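The primary structure of each chain is shown beneath.
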Amino acid sequence: MTAAAGLGAVGLTAALLVDAAAATVTAVAGVVAGLIAAVSLLVAAVRVAPGWRHQSSAWRWLASGTAAWLAGVGVRPLAEGTPFMLTFADVLLIAGGVLLAIGCGRTARRRAYGRSLLQYATSAYISAASLFTIGWVVLLAPLYARSDEPSTLAAPVVCLLATCAVAPAALASRSAGRRVGLAALAVLATVTVQELATAMARVTVGGALPPAAGLVAPIAYLLLAAAPWASRARTRPVRAPSSAIVEGAPLVLAAVATVVLLVRVITQGPDRPVAVLPFVVGSVVVVLLAKVFVLAVETASMRGSLDSSERRLIHLAESAGDMVLVCDTDGVMREMGAGVEALYGYQPRDLIGRSIFDYVHSEDAPGVQAALRSLTTEEEPPLERQSACRVACRVRAADGTWRPAESVAARHPSEGEDLVLISTRDVSDQVALRNQVAHLTFHDGVTGLPNRAYFEERTREVLARRGGGTTAVVFIDLDGFTGVNDSVGHAGGDYLLSQAARRLRAAVHSDDTLARWGGDEFAVLLESGGSGPSTGSGTADAQSAIDLAERLVRAVSSEPFRVADRDIALTASVGVAFAEDGVPAGDLIRNSDVATTRAKELGGRRVEVFAAHMHADVVRRLELAADLQRALLAGQFAIEYQPVVDLATSRVTAVEALVRWWRGSTLVPPHQFLGAAEDTGLIVPLSEWILREACREVAAWRASSWDIGLSLNLSSRQITAPRFVETVEAALAESGLPASALTLEVIEEMLVEDADEIISRLSELRALGVRLAIDDFGTGYASLAFLRQLPVDMIKIDPSFVSGLGRDETLTLLTRTIVRLGHDLGLIVVAEGIERPEQLELLREMGCTRGQGYLVARPMAARGVDSLMRTSLSPLQETA
């Protein structure tokens, strides 16, 4: 016996040691997991992403709760055996549970489903009391019945209340931090269970927590440590449980607790431990009654608010000028607001019992009936029925007029039958305004004619239904209108356009469409079918369209327009394009515009009929302009120099820079691209490049002791470009070329167009020291006049004069006169286009000092000029 007792004591001691070791391991695991969770939460709160700053505060609360819980666990061994029911360790554990609950609630960012604080409190208390009742009856009652020293339940009860308080918010949360909230809720639940198990162990003789139970809380804390980082990596939307589940959970728990309590009372009778439950059960009943009372008060308040809102709505609608009525599904009016008298002139009592369809336009009645059926149909469930709809109709007023109205119909809450509440507003002013806006949208405000948008749409419609016959578009462009605004102002220009519109309208048949296309352009759509305007029907054939175009020209130019007490004479350029099968409206209009442009290019006051080559020319010019821009960027241009020599000594005195375009290995002639460059404005950057390169090259020759000058041709667009003078000055400064070595050439026609501005720019260049020359002298009609206004250094005889030397006595005489005039004025005279020896001899005999041409030297690259300078033009001397 002694040996057996010894062995039993040893076994008991070993079991106690194993339990103590297991308890130590689980305690250490809990502390480590808690520390990891606290550190993880604090780090996540500090390193939070910009979109997660709202979660930073919640994570700090959770970290504080975890720290408080760890402190309570650490102090608990020291507090064991104290005579107090509630130890300092229990206070720390309770504080930790409360802090965890606050952090868990803040992760939701708002109360679940918008419930009030009272609803939260009652639901939380019912849930906690129900769970406590179940736990007491099933677990605690037997233990406390056998215990002489009851243990405090403060910590598990507070944690249970905290868990039930934040569970609805955490479960119903749709925020990005929902995972952290659920992990915190799991920690609260495990802490509550663990504290309950600890309390049970205290009242059990030799009781201790099972090792597995001690590992539940560490696992929950580890999940809480990982939750912030997992939540930040989440991208998919969060789905929350149904509100019915969250709202119904307290009632389900209360029902389960009631069943458990009844089973216990029926099977075992009301023993002493169970007798302590009347307070809990009674408080739950009181809370439920309070909740029912609050719901009843809220329901009554909502019904009163609904009635008050309905009255305010009707009053507000009538104050805003609306008419409000209530009718049944058949349209019979049951109630009528007082606003009907002011709106439509009826007395409300006269309309009660009448059908609304007696006052709705017959064409609009089916739509109103469909709207009423959609609100009261029985084919769909009540929750899926349409609650309101908008109806537009015409209502007959007491004076018999039909007025457009907009109505909003909604189901009207009533008992026993389906009624509809209709609010109607008279929108006559809005409809009139919409019609006016529509008119302004498709009509020109100056002339009152249809505008471009209307004309395009009308052309599409006519071509879509076009059968036989001829359809044409005629474009009219007023020649010289640009100067009207400058002379009489824009108001005067608009008045002139209105006069032109009246003249054109008188010349166009009423079946055709006349529109203002924009600016000073008008367009006419001649629809197919009929024998022409002259016969009183739509336009018939091509000749009728051309005849109309000629009438339009005569209508504009027949007599001057009277504007601002002055007569303004204008002409018109007209283009005609005929529709062909498969040609869209946009192309037909474009073709007419192209023909008009062609008419203006040919001098105006004429009619041009579109031909395919016109569009091809336009496309070719556009493509050429695009190629020019690419060539300028790609550096496809080169410069050749044609020498200018002293005819007496055969010495090269200057070179004229000529641009060449090499498109790959193909040379594009200058006359094919210089016009397009001028039209598109690319001549400005191209000329600047030529100026810089030529100045640099000639400056390098002059640095080699070759006394040589540079001549460049200028375009009008280049001269009038901003900062042109500054560009020339910068090119001279960069290259080091003296200003006196540069001669800029202009043709006579440039001095006629924008004469004041061009002469001003050329005078500024002359002030820099740059020399000026008039190219192609003798072909213009203002040469002598501008020689007096502009300080010119040189005149260049046009090649057409030089070509007739020795063959045409008149041209020879004119050439001799120009040379003598140049000498008398002290100008240098240069003859261009010298190709035959007899021309050279005659020019020398006339006293012409300088010349250039194929006989002298052809245009050549820079290295060719080098070679020519080194040979000193010996071939020319021999030829001479």
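Within each chain, residues carry numbers counting from 1 in the order of the written sequence. Owing to the predicted nature of the model, reporting of local features is limited to residues with pLDDT of at least 70; listing and counting of side-chain atom pairs is limited to 80 or more, with chain, interface and lining totals taken over all residues. Side-chain measures here rest on the full set of heavy atoms in the structure, leaving out hydrogens and waters.

Draft legend 1. Expanded view of the overall build of the protein. Put simply, DSSP H or I for four residues or longer makes a helix, DSSP E for two residues or longer makes a strand, and each gets a number counted from the N terminus. Of the regular secondary structure elements, the protein holds 31 helices and 21 strands. Burial classes: relative accessible area under 20% of the type maximum marks a residue as buried, over 50% as exposed, and values in between as partly exposed (1.4 Å probe, protein chains only). Sorting the 880 residues of the protein into buried and exposed places 44% on the buried side. By sequence separation, contacts in the protein at least 24 residues apart represent 66% of the contacts at least 6 residues apart. We get accessible surface area from the Shrake-Rupley algorithm with a probe of 1.4 Å; when it comes to residues, only the shown protein chains can shield them. Of the roughly 44,200 Å² of accessible surface on the protein, 59% is carried by carbon and sulfur atoms. Any two residues whose heavy atoms approach within 4.5 Å at even a single point are treated as in contact.

Draft legend 2. Geometry of helix 23 (residues 724-735). Across its 12 residues, helix 23 extends 17 Å between first and last C-alpha, which sits within 8% of the 16 Å expected from 1.5 Å per residue. For helix 23, every residue scored as buried is listed here: Phe724, Val725, Val728, Ala731, Leu732 and Ser735. One side of helix 23 carries all its buried residues, which in axial view fall inside an arc of 125 degrees. Facing away from the buried surface of helix 23 by more than 90 degrees, the exposed residues are Ala733 and Glu734. A positive phi of about 85 degrees marks glycine 736, the residue just after helix 23. Expected helix span is computed as 1.5 Å times (number of residues minus one). In this description, one arc is meant: the one made by directions from the helix axis to the C-beta atoms.

Draft legend 3. Region of the structure containing the sheet that holds strand 3 (residues 388-396). Here, a strand pair is defined by DSSP locating no fewer than two bridges between the strands. Overall, antiparallel pairing links the 5 strands, which are arranged 2-1-5-4-3 in an open sheet. Because the sheet does not close on itself, it has two edges, and the strands there are strand 2 (333-336) and strand 3. Taken pair by pair, the neighbouring strands of this sheet meet at an average axis angle of 30 degrees, ignoring direction. Examined bridge by bridge, strand 1 (residues 323-328) and strand 2 share 3 bridges and lie antiparallel to one another. Residue pairing for strand 2: valine 326 is matched across the bridge by glutamate 335. All axes here are fitted lines through C-alpha atoms, helices being fitted over the stretch that makes contact, and every angle between N-to-C directions spans 0 to 180 degrees.

Draft legend 4. Seen up close, the pattern of salt bridges. What makes a salt bridge here is a side-chain nitrogen of Lys or Arg within 4 Å of a carboxyl oxygen of Asp or Glu, nothing more. In total, this model carries 26 salt bridges according to the counting rule given. When the shortest N-O distance is used, the salt bridge between glutamate 527 and arginine 465 registers 3.4 Å. Pair noted here: glutamate 527 is in the loop between strand 8 (521-526) and helix 17 (542-557) and arginine 465 is in the loop between helix 15 (452-464) and strand 6 (472-479), with a separation of 62 residues, a long-range link. Accessibility expressed as a relative area gives 13% for glutamate 527, which makes it buried.

Draft legend 5. Spotlight on the sheet that holds strand 12 (residues 607-609). Read across the sheet, 5 strands follow the order 7-8-6-11-12 without closing on themselves; strand pairing throughout is mixed. The open sheet has two edge strands, strand 7 (513-518) and strand 12, and neither has a second partner. Sheet twist, expressed as the mean angle between neighbouring strand axes with direction ignored, is 20 degrees. Of the strand pairs in this sheet, strand 6 and strand 8 are connected by 6 bridges, and their pairing is antiparallel.

Draft legend 6. Spotlight on the environment of alanine 170. Here alanine 170 lies in helix 5 (residues 154-172). When its relative accessible area of 1% is taken as the criterion, alanine 170 is described as buried. C-alpha of alanine 170 to C-alpha of leucine 182: the two residues are 12 residues apart in sequence and 6.0 Å apart in space. What alanine 170 contacts, discounting residues up to four positions off in sequence, is Cys104, Arg178, Gly181, Leu182 and Leu185.

Draft legend 7. Region of the structure containing the packing of aromatic side chains. Aromatic rings from Phe, Tyr and Trp, taking only the six-membered ring of Trp, are treated as a pair when their centres fall within 6.5 Å; an angle between ring planes under 30 degrees marks them as stacked, one over 60 as edge-to-face, and anything in between as tilted. Here the structure, examined in full by the defined rule, presents 7 aromatic pairs. Ring centres of tryptophan 661 and phenylalanine 673 lie 5.5 Å apart, and the angle between their planes is 85 degrees; this geometry places the pair in the edge-to-face category. With tryptophan 661 in strand 14 (residues 652-663) and phenylalanine 673 in helix 20 (residues 670-680), this pair connects stretches of sequence that are 12 residues apart. Taken individually, tryptophan 661 and phenylalanine 673 each receive the classification buried, so the pair is uniform in this respect. Through successive ring pairs, a cluster of aromatic residues spans Phe455, Phe475 and Trp517. Consider the ring centre and the ring normal. A charge sits over the ring if Lys NZ or Arg CZ is within 6 Å of that centre and within 35 degrees of that normal. For the cation-ring pair, arginine 503 lies above phenylalanine 561, with the distance from its terminal atom to the ring centre recorded as 3.8 Å. When the ring centre of tyrosine 854 is taken as reference, the NZ or CZ atom of arginine 858 above it lies at 4.1 Å.

Draft legend 8. Broad picture of unusual backbone geometry. Positioned with a positive phi, arginine 605 is a non-glycine residue whose angle comes to about 50 degrees. Structurally, the position occupied by arginine 605 is in the loop between helix 18 (585-601) and strand 12. For arginine 605, a relative accessible area of 52% translates into the label exposed. Of note, arginine 723 is a non-glycine position whose phi angle comes to about 60 degrees, a positive value. Considering the arrangement of structural elements, one finds arginine 723 in the loop between helix 22 (716-719) and helix 23.

Draft legend 9. Focus on the nonpolar core. To qualify as a nonpolar core, a set must consist of buried Ala, Val, Leu, Ile, Met, Phe, Trp, Tyr and Cys residues joined through side-chain atoms within 4.5 Å. Formed by 80 residues in total, the largest nonpolar core has its most connected members in Tyr641, Trp701, Leu710, Leu712, Leu742, Leu762 and Ile834. A total of 10 residues in this core trace back to one element, the largest contributor, which is helix 21 (residues 683-703). If you look at the next biggest cluster of nonpolar residues, it comprises 33 residues, including Leu504, Phe561, Ile568 and Val574.

Draft legend 10. Expanded view of a nonpolar patch on the surface. Exposure above 30% relative accessible area and the lack of any salt bridge qualify a residue for a patch; like charges then connect within 9 Å, and the nonpolar side chains Val, Leu, Ile, Met, Phe, Trp and Tyr within 5 Å. Together, Val28, Val32, Ile36 and Leu222 line one region of the surface with nonpolar side chains, adding up to about 320 Å² of accessible area. Sort the elements by how many residues they give to the nonpolar patch and helix 1 (residues 2-46) lands first, with 3 residues. You can see leucine 222 is positioned in helix 8 (residues 216-232). Leucine 222 sits in the partly exposed class, given a relative accessible area of 42%.

Draft legend 11. Representation of the pairing of strand 3. Here strand 3 shows a buried face lined by Cys389, Val391, Cys393 and Val395 and an unburied face lined by Ala388, Arg390, Ala392, Arg394 and Arg396. Pairing between strand 3 and strand 4 (residues 402-412): 9 bridges, direction antiparallel. Paired with arginine 390 across the two strands is valine 408, which belongs to strand 4. Hairpin connection from strand 3 to strand 4: 5 residues lie between these consecutive antiparallel strands, with glycine 400 at a positive phi of about 90 degrees.

Draft legend 12. View of helix 15. In this model helix 15 runs 18 Å from its N-terminal to its C-terminal C-alpha over 13 residues, within 8% of the 18 Å that 1.5 Å per residue would give. All of the buried residues in helix 15 are Phe455, Thr459, Val462 and Leu463. Down the axis of helix 15, the sector holding all buried residues measures 90 degrees, keeping them to one side. For helix 15, the secondary structure elements touched by its buried residues are strand 6, strand 7, strand 8 and helix 18.

Draft legend 13. Looking closely at the environment of serine 573. When you line up the elements, serine 573 lands in strand 11 (residues 571-578). Exposure remark for serine 573: the relative accessible area of 0% places this residue in the buried category. Sequence separation between serine 573 and valine 553 is 20 residues; the distance between their C-alpha atoms is 7.1 Å. Dropping the residues within four chain positions of it, serine 573 is found in contact with Phe475, Ile476, Asp477, Asp479, Thr596, Ala599, Lys600, Gly604, Arg605 and Arg606. One polar contact links serine 573 to aspartate 479, side chain to side chain, over a distance of 2.7 Å. Definition of a polar contact: a pair of N or O atoms within 3.5 Å, with one able to donate and the other able to accept a hydrogen when the atoms are protein atoms, and with sequence-neighbouring residues admitted only if both atoms are side-chain atoms.

Draft legend 14. The packing of helix 28 (residues 809-824) against helix 29 (residues 837-846), seen in detail. Look at helix 28 against helix 29: their axes get within 10 Å of each other, and the N-to-C directions meet at 40 degrees. Between helix 28 and helix 29, the angle is such that the two are oblique. Crossing geometry of helix 28 relative to helix 29 is assigned as right-handed. Contact residues: helix 28 offers Thr812, Thr815, Arg816, Val819 and His823, while helix 29 offers Leu843, Glu845 and Met846. Residue classes follow a fixed rule: Ala, Val, Leu, Ile, Met, Phe, Trp, Tyr, Cys and Pro count as nonpolar, while Asp, Glu, Lys and Arg count as charged, and any other residue, Gly among them, counts as polar. By residue class, the composition of the contact of helix 28 with helix 29 is 3 nonpolar, 3 polar and 2 charged. The scheme is simple: roughly parallel for angles under 35 degrees, roughly antiparallel for over 145, roughly perpendicular for 65 to 115, oblique for anything else. By convention, the crossing between two helices is left-handed when the near helix turns anticlockwise from the far helix through less than a right angle, and right-handed when the turn is clockwise.

Note that all results are geometric; they support no functional claim without further evidence.
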